Amino acid sequence: MKSVDLLIVGCGLAGSAIAWQAHRRGMSIAIADRNELQSCSMVAAGLVTPITGSRAAASWEWHLFFSEASHFYPWIEEKLHGRFWYSEPAIRIFLSEMERIQFEQKWFSKTSLSPTTPTAAPIETTSLSGIHAPWGGCSMSPAARLDTHAYLSKTREFFKNRTEYHECDVDCDSIVDNGSRVQLSSIGISADAVILCQGVESRKNQWFAELPLHPARGDILTLEKPRQVEVERVVHHNVWVVPTIDGKLKIGATYNRHTLDGIVDNRPEVLSWKSELIRRWEGVFEGNIQSSVVLDHQAAVRPASYDRHPLIGRHIASSRVFCLNGLGSKGTLMAPALARIVLSTILNGDALPPQLDWQRPLRRIKKT
Ligand SMILES: Cc1cc2nc3c(=O)[nH]c(=O)nc-3n(C[C@H](O)[C@H](O)[C@H](O)COP(=O)(O)OP(=O)(O)OC[C@H]3O[C@@H](n4cnc5c(N)ncnc54)[C@H](O)[C@@H]3O)c2cc1C
């Protein structure tokens, strides 16, 4: 058996953040992942947005999470000589007079106290080139986008070259904690501790079957960019629109708690989400735009929780088994800081902030 400090199961946004934070500390690791092309993290748009939701609130614990993420991803870019973190303001178009007033009262008079303080400044509608914006809009900063596919591919390649990445489907029930080590014999690894970063898949094994996840499927489309459409920044309208590095557009996303798979087929509900996204996208512009050519339709299930906060910590009975989960719709923003926090618990026994601990009391909403 090869002996390492930490075994990581799953290499999405959660597992890769743990891998990098452990690597940074000089720990020896073994990562095991199925290498699925359509995992939640691979499908994600990677948006990091400071002000979200219909109440125009600052994203939860923004300062903590953004301060970490805005150093973490550029550090990896430098290390891997890659480009996947694009830090630039995002545009939000107001969808009602009420929304405009809310932003005006909450944000427009606020001054920025530090580079990570969320700000929103009104923008001239004339600068919006054809975007339907009768109530105007604003520019939100700081904001960013992670090209998750590029980041995860490069990350896996890096750890593969160090023989620390194993492409395999782990039977987590075969992980043994013998009191002094954990062992996964199928890949010949013995470790001080294991952390399960499996997203919604975690419910299928004995360790964290009880994790209070409240998952939600999301669908996203890749479109050919119509000739008359100019979109240079991320735009949040009735859908969000993301210009990609290869000149296409991504639009999304739907949110559904009933169909909990990431399969794209001809089921009526799947076709209706696709049409719904196209309908909303066509409403982003004034007048008619050239019909939309859909290049790809992807879907995945977000590992969301009941209170929309992460679920991290130690297994109830086994002190060497941990999880990092519940990233919901904000995996890009939250994973780097959460990975650092859970590593401190693993290495030093530091107590977890109660609002992150997966064993906190949670009010579960009844399934309808
Ligand atoms: C349509 C859509 C759009 C989104 N947009 C955004 C966005 O703009 N910004 C944002 O921050 N977030 C976004 N999200 C949410 C984001 O994708 C999640 O927060 C994040 O991906 C969760 O990461 P994770 O690592 O916990 O889980 P996952 O991405 O599910 O990773 C789990 C990994 O573990 C592997 N695995 C599981 N079980 C096993 C096993 N037994 N053996 C081996 N490997 C295993 C899987 O293959 C996978 O690679 C979006 C999600 C969707 C669906």
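Just so you know, these numbers come straight off a predicted model, no measurement behind them.

### Examining the sheet that holds strand E18 (residues 248-252)
Working step 1: As summarised here, the arrangement of the eight strands in space is E8-E9-E7-E16-E17-E18-E15-E19, forming an open sheet in which the pairing is mixed. The open sheet terminates on both sides in strands that have one partner only, identified here as strand E8 (119-123) and strand E19 (294-302).
Working step 2: With two bridges joining them, strand E7 (residues 90-93) and strand E16 (residues 235-236) adopt parallel strand pairing. Bridge pairing in E16 places Ile 91 opposite Val 235.
Working step 3: This element, helix H4 (residues 97-108), spans E7, E8 and strand E9 (137-141) of the sheet and lies at about 130 degrees to E8.

### Thoughts on the packing of helix H3 (residues 62-80) against helix H5 (residues 148-161)
Working step 1: The interhelical angle for the contact between H3 and H5, taken along N-to-C directions, is 55 degrees, at an axis separation of 11 Å. With respect to their mutual orientation, H3 and H5 come out oblique. Seen along the crossing, H3 lies across H5 with a hand that is left-handed. Across the interface between the two elements, Phe 72, Tyr 73, Ile 76, Lys 79 and Leu 80 of H3 pack against Tyr 151, Lys 154, Thr 155 and Phe 158 of H5.

### Focus on the domain arrangement of the protein
Working step 1: Once the domains are mapped, the protein shows domain 1 (2-44 + 149-212 + 306-348), domain 2 (47-146) and domain 3 (216-302).
Working step 2: Taking only C-alpha atoms, the centre of domain 1 and the centre of domain 2 are 30 Å apart.
Working step 3: Listed by partner, the interface residues are 22 residues for domain 1 and 22 residues for domain 2.
Working step 4: Contact between domain 1 and domain 2 buries roughly 2,000 Å² in total, counting both sides, with carbon and sulfur atoms accounting for 74%.
Working step 5: The three residues of domain 1 that bury the most area against domain 2 are Tyr 151, Thr 332 and Leu 333, which together make up 31% of that side's buried surface.
Working step 6: The closest approach of N and O atoms between Glu 68 and Arg 340, which form a salt bridge, is 2.8 Å.
Working step 7: The interface formed by domain 1 and domain 2 contains four residue pairs in polar contact (both at pLDDT 80 or more).
Working step 8: For the side of domain 1 that touches domain 2, the elements supplying multiple residues, two or more each, are helix H1 (13-24), H5 and helix H7 (331-348).
Working step 9: Per-element tally for the side of domain 1 that touches domain 2: the top contributor is H7, with eight residues.
Working step 10: Residues that form the side of domain 1 that touches domain 2 fall into these classes: 12 nonpolar, six polar and four charged.

### Some points on the site of the ligand
Working step 1: Surveying the vicinity of the ligand reveals 32 residues, the closest of which are Asp 33, Glu 36, Ser 41, Leu 47 and Gly 328.
Working step 2: Residue Ser 41 places a side-chain N or O atom 2.5 Å away from an oxygen atom belonging to the ligand.
Working step 3: A distance of 3.2 Å separates an oxygen atom of the ligand from a polar backbone atom of Gly 46.
Working step 4: Burial of the ligand by the surrounding chains reaches 97%, relative to a free accessible area of 1,000 Å².
Working step 5: Elements with a contribution of two residues or more to the shell around the ligand: H1, helix H2 (40-43), E19 and H7.
Working step 6: By residue class, the composition of the shell around the ligand is 13 nonpolar, 11 polar and eight charged.
Working step 7: The residues that make up the shell around the ligand include at least three from each of domain 1 (2-44 + 149-212 + 306-348) and domain 3 (216-302).

What counts, and at which threshold
Residues numbered from 1 in each chain as written. Predicted model: local features only at pLDDT ≥ 70, side-chain atom pairs only at ≥ 80, totals over all residues. Heavy atoms only, no water. Pairing = 2+ DSSP bridges. Helix = DSSP H or I, 4+ residues; strand = E, 2+ residues; numbered from the N terminus. Contact = heavy atoms within 4.5 Å. Axes fitted to C-alpha atoms, helices over the stretch in contact; angles between N-to-C directions. Parallel < 35°, antiparallel > 145°, perpendicular 65-115°, else oblique. Left-handed = near helix turned anticlockwise from the far one by under 90°. Domains from an automatic or database assignment. Buried area = accessible area lost by both parts, 1.4 Å probe. Salt bridge = Lys/Arg side-chain N within 4 Å of Asp/Glu carboxyl O. Polar contact = N/O pair within 3.5 Å; in protein donor to acceptor, adjacent residues only side chain to side chain. Nonpolar A, V, L, I, M, F, W, Y, C, P; charged D, E, K, R; others polar. Near = heavy atom within 4 Å. Areas by Shrake-Rupley, 256 points an atom, 1.4 Å probe, with all protein chains shown as cover.

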